[in-house]
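Structural characterization, general
Letter by letter, the chains look like this.
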Amino acid sequence: MKKVVYVGLSADILHKGHINILKIASSYGNVCVGLLTDQAIASYKNIPYLDYEKRKVVLESVKYVKRVIPQNTLDYVDNLKLIRPDYVIHGDDWKTGIQKETRKRVIKILKTWSGKLIEPKYTKNISSTQIKKEMTNIISSPENRVSRLKRLIRSNDIVRILESHNSLTGLIIDKINVVKNNKTIEFDGMWSSSLTDSATKGLPDNSSLSFSARISSINDIMDVTTKPLIFDADNGGHIEHLPYLVRSLERSGVSAIIMEDKVGFKKNSLFKNQKGSKLDKPQKFAKKIKKICTSRQSQDFMVIARVESFIVGQNLKDALHRAEIYSKAGADAILIHSKEKTPSEIFSFAKQFRKSKNFVPLVSVPSTYSKVYEKDLIKNGFKIVIYANQLLRAAYPAMQNTAITILKNSRALEADKKIIPIKEIISLIKND
Ligand code: SPV
Ligand code: MG
């Protein structure tokens, strides 16, 4: 009988390095590929460009592969116990780094049935530059971008969103990452904030900036970025206009619309005085949600209902009542907003709402309760965290101080010390 060979792969961009491993593997016997699920990949880096099913189809058609099964964790042990392969094949690049422990566990479990680990030399210098360039085109295409937020919600413990008020901030969100505990951490997407988009244009956050101007800002951002974007639609405007707004948003590649249940003259929710802002009738607001659900082209385009009960001084009961109605109307997620200094009121909401059969993922905007850690949001059932205004709040005082420094010194030398050199700003935007 032919021997069984196990190969664990992510295979997002299938290249000659993979083919080399699979070819060697097939010379030992029948190859079973343990294909890492989106969730398994998200446990240590960003989710792959292509989802599990798409990657599976490609691998199944490779002649060296007999079958493909899901590997649900970075760890091989569960699958190995199931398959009991004679061989595991892996490139020799996992002896150090994040997969070092995984490798040790593979060797240990294989020993129990006298299986062997074979480690061919890792293929270096594959030209990934060209491949990545092509992939960027795929992932930044509107259809792919729209769907990406839902995929992130399914795969990640928490989806981390940061405010973007222009293309440069979009690029920061696209590119910045930090490595923490062997894990690459980055922002998953952008928030088009009514507050910061308006402020950037010198306007108050009272809907005086039209949706068409907002969409034009978004298009600038979309032109140069790849990550999903969530659109802050205030209260969505007139129900009759919503289908047109949704159409424009989808065409731009936006992944979700967030709509708040307030009526009357629009005021930013973080203002102490909410006089003049009233909550909409829940059933009336539910109709707006339904309208979006029926007018969207892609089922992956998400409608997120924003409950403003706590903002206007209403209680937990009112917030829960509304969340139930909005969820039944088709909301894909609920943003429970708060302007308290601690997350206690949103956590008590989450505790109750989690018991409901209409529970949908929760969204948090920790502007006033900024001390909350993401791990505590996760524990309490939150799936999306939106850092709603921090980049503008960082940029504005920096620019103001520079202007003051030049005025005070009647020259620019002193300001130079606190700002980046000209050559850095020139090379900031790569022209390749
Ligand atoms: C925004 O960023 O525009 C928001 C969040 O809607 S808040 O400012 O808290 O209302
Ligand atoms: Mg807003």
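Everything below is about the structure printed above this text.
Scope of this entry: the structure provided in the associated data block. Fair warning: this is a prediction, and the values are worked out from it, not measured in the lab. (Residues numbered from 1 in each chain as written. Chains lettered and ligands numbered in written order. Predicted model: local features only at pLDDT ≥ 70, side-chain atom pairs only at ≥ 80, totals over all residues. Heavy atoms only, no water.)

1. Description of empty space enclosed by the protein
Condition: Points on a 1 Å grid, built from protein atoms alone, make a cavity when a 1.4 Å probe fits but cannot get out and make a pocket when they are open with protein on both sides within 12 Å along at least 5 of 7 lines; residues with an atom within 4 Å of a point are the lining residues. Grid points are joined across faces, edges and corners, and a volume is the space filled by probe spheres set on the points. In this classification, the charged set is Asp, Glu, Lys and Arg, the nonpolar set is Ala, Val, Leu, Ile, Met, Phe, Trp, Tyr, Cys and Pro, and all remaining amino acids, among them Gly, are polar.
Applying the stated criterion to the full structure yields 1 cavity of 30 Å³ or more. Here the largest cavity defines a volume of roughly 170 Å³. Lining the largest cavity are 17 residues, and of these Trp191, Asn268, Arg306, His337 and Ala388 lie nearest its centre. Here the lining of the largest cavity is composed, by residue class, of 5 nonpolar, 7 polar and 5 charged.

2. Structural notes on the site of ligand 1
Here is the rule we go by: The rule for a residue being near a molecule or strand is that one of its heavy atoms must lie within 4 Å of it. Here a polar contact is recorded for every N or O atom pair within 3.5 Å, except that within protein the pair must consist of a potential hydrogen donor and a potential acceptor, and residues adjacent in sequence are included only if both atoms are side-chain atoms. All accessibility values rest on the Shrake-Rupley procedure with a 1.4 Å probe; residue burial counts only the protein chains present in the view. More than half of a molecule's atoms within 2 Å of the grid points is what it takes for that molecule to sit in a cavity or pocket.
Lining the immediate environment of ligand 1, one finds Trp191, Ser193, Ser194, Leu195, Asp232, Asn268, Ser269, Leu270, Arg306, His337 and Ala388. Between ligand 1 and Ser194 there is a distance of 3.1 Å, counted from an oxygen atom to a side-chain nitrogen or oxygen. Arg306 places a side-chain nitrogen or oxygen 2.8 Å from an oxygen atom of ligand 1. Protein burial of ligand 1: of its 280 Å² of free accessible surface, 100% is covered by the chains. The cavity where ligand 1 resides is the largest cavity. In terms of residue class, the shell around ligand 1 is made up of 4 nonpolar, 5 polar and 2 charged.

3. Here's the deal with helix α8 (residues 167-175)
This is how the line gets drawn: Burial status follows relative accessibility: with a 1.4 Å probe on protein chains alone, a residue under 20% of its type maximum counts as buried, one over 50% as exposed, and anything between as partly exposed. A run of H or I in DSSP counts as a helix once it spans at least four residues, and a run of E counts as a strand once it spans at least two, with each numbered from the N terminus. When checking whether two residues touch, look at their non-hydrogen atoms; a contact exists if any pair is within 4.5 Å.
Taken as a whole, α8 has its buried residues at Thr169, Gly170, Leu171, Ile173 and Asp174. Considering only its buried residues, α8 is in contact with β6 (159-163), β9 (189-192), α10 (211-224) and α16 (390-409). Of the residues that open α8, the one with a side-chain oxygen 3.3 Å from the backbone nitrogen of Leu168 is Asn166.

4. Focus: the coordination of the magnesium ion (ligand 2)
Test applied: For Na, K and Ca the donor cut-off is 3.2 Å, and for all other metals it is 2.8 Å, counting N, O and S atoms only; because water is absent from this set, sites may look incomplete.
Of the protein atoms, only Ser194 (OG) and Asp232 (OD) coordinate the magnesium ion (ligand 2), at distances of 2.1 to 2.2 Å. Within this pair, whereas Ser194 is found in helix α9 (residues 194-200), its partner Asp232 is found in strand β10 (residues 229-232), the two being separated by 38 residues in sequence. Residue Ser194 shares its accessibility class with Asp232, and that shared class is buried.

5. What about unusual backbone geometry?
The phi torsion of most residues other than glycine is negative, and most of the peptide bonds are trans. You will see that Ala11, though not glycine, has its phi angle at about 50°, which is positive. Within the element layout of this structure, Ala11 appears in the loop between β1 (4-9) and α1 (16-26).

6. Details of the pairing of strand β2 (residues 30-36)
Under the convention used in this document: DSSP bridges decide pairing: two strands pair if at least two such bridges lie between them. When the strands point away from the viewer and the connection leading from the first strand across the helix to the second strand turns clockwise, the crossover is called right-handed.
Counting buried positions over the 7 residues of β2 gives 6, a clear majority of the element. Two strands pair when backbone bridges link them, and β1 and β2 are joined in this way by 6 bridges, in the parallel orientation. Across the sheet, Val7 pairs through a bridge with Val33, a residue of β2. Crossover β1 to β2 through α1 is right-handed.

7. Section: the packing of aromatic side chains
Let me state the cut-off plainly: Pairs were defined over the aromatic rings of Phe, Tyr and Trp, the Trp ring being its six-membered one, requiring ring centres within 6.5 Å. Orientation was assigned from the angle between planes: stacked under 30 degrees, edge-to-face over 60, tilted for the rest.
The full count for this structure, using the stated rule, is 9 aromatic pairs. Pairing Tyr76 with Trp94 gives two aromatic rings, centres 5.6 Å apart and planes at 45°, and the pair type is tilted. Within this pair, whereas Tyr76 is found in the loop between β3 (67-71) and α4 (77-83), its partner Trp94 is found in the loop between β4 (87-89) and α5 (100-111), the two being separated by 18 residues in sequence. Take Tyr76: its relative accessible area is 3%, and that puts it in the buried class. Relative to Phe382, the ring of Phe347 has its centre 6.2 Å away and its plane inclined at 50°; by these criteria the two rings are tilted.

8. Let's talk about the nonpolar core
Here is the rule we go by: Nonpolar core, defined: a set of buried Ala, Val, Leu, Ile, Met, Phe, Trp, Tyr and Cys residues in which side-chain atoms within 4.5 Å join the residues together.
By size, the foremost hydrophobic cluster in this structure holds 52 residues, and its most contacted members are Phe231, Leu249, Ile257, Ile289, Tyr326, Ile334 and Phe349. With 6 residues, helix α13 (residues 316-329) is the single largest residue contributor to this core. Excluding its chain neighbours within four sequence positions, the residues that come into contact with Ile289 are Met259, Val303, Ala305, Tyr326, Ala329, Gly330 and Ala331.

9. Here's the deal with a positive patch on the surface
Rule in force here: Only residues whose relative accessible area exceeds 30% and that form no salt bridge are eligible for patches; like-charged ones are grouped when within 9 Å, while nonpolar side chains (Val, Leu, Ile, Met, Phe, Trp, Tyr) are grouped when within 5 Å. Every case where a carboxyl oxygen of Asp or Glu lies within 4 Å of a side-chain nitrogen of Lys or Arg is listed as a salt bridge. Working convention for charge: Lys and Arg count positive, Asp and Glu count negative, and His plus the chain ends are omitted. By convention, the charge on Lys lies at NZ, on Arg at CZ, on Asp at CG and on Glu at CD.
A grouping of Lys278, Lys281, Lys284, Lys287 and Lys290 is seen on the molecular surface, where their side chains present a positively charged patch. Here the positive patch gets 3 residues from one element, more than from any other, and that element is helix α12 (residues 282-295). Looking at where Lys281 falls in the secondary structure, it is placed in the loop between β13 (278-279) and α12. Classification of Lys281 by relative accessible area gives exposed; the value is 60%.

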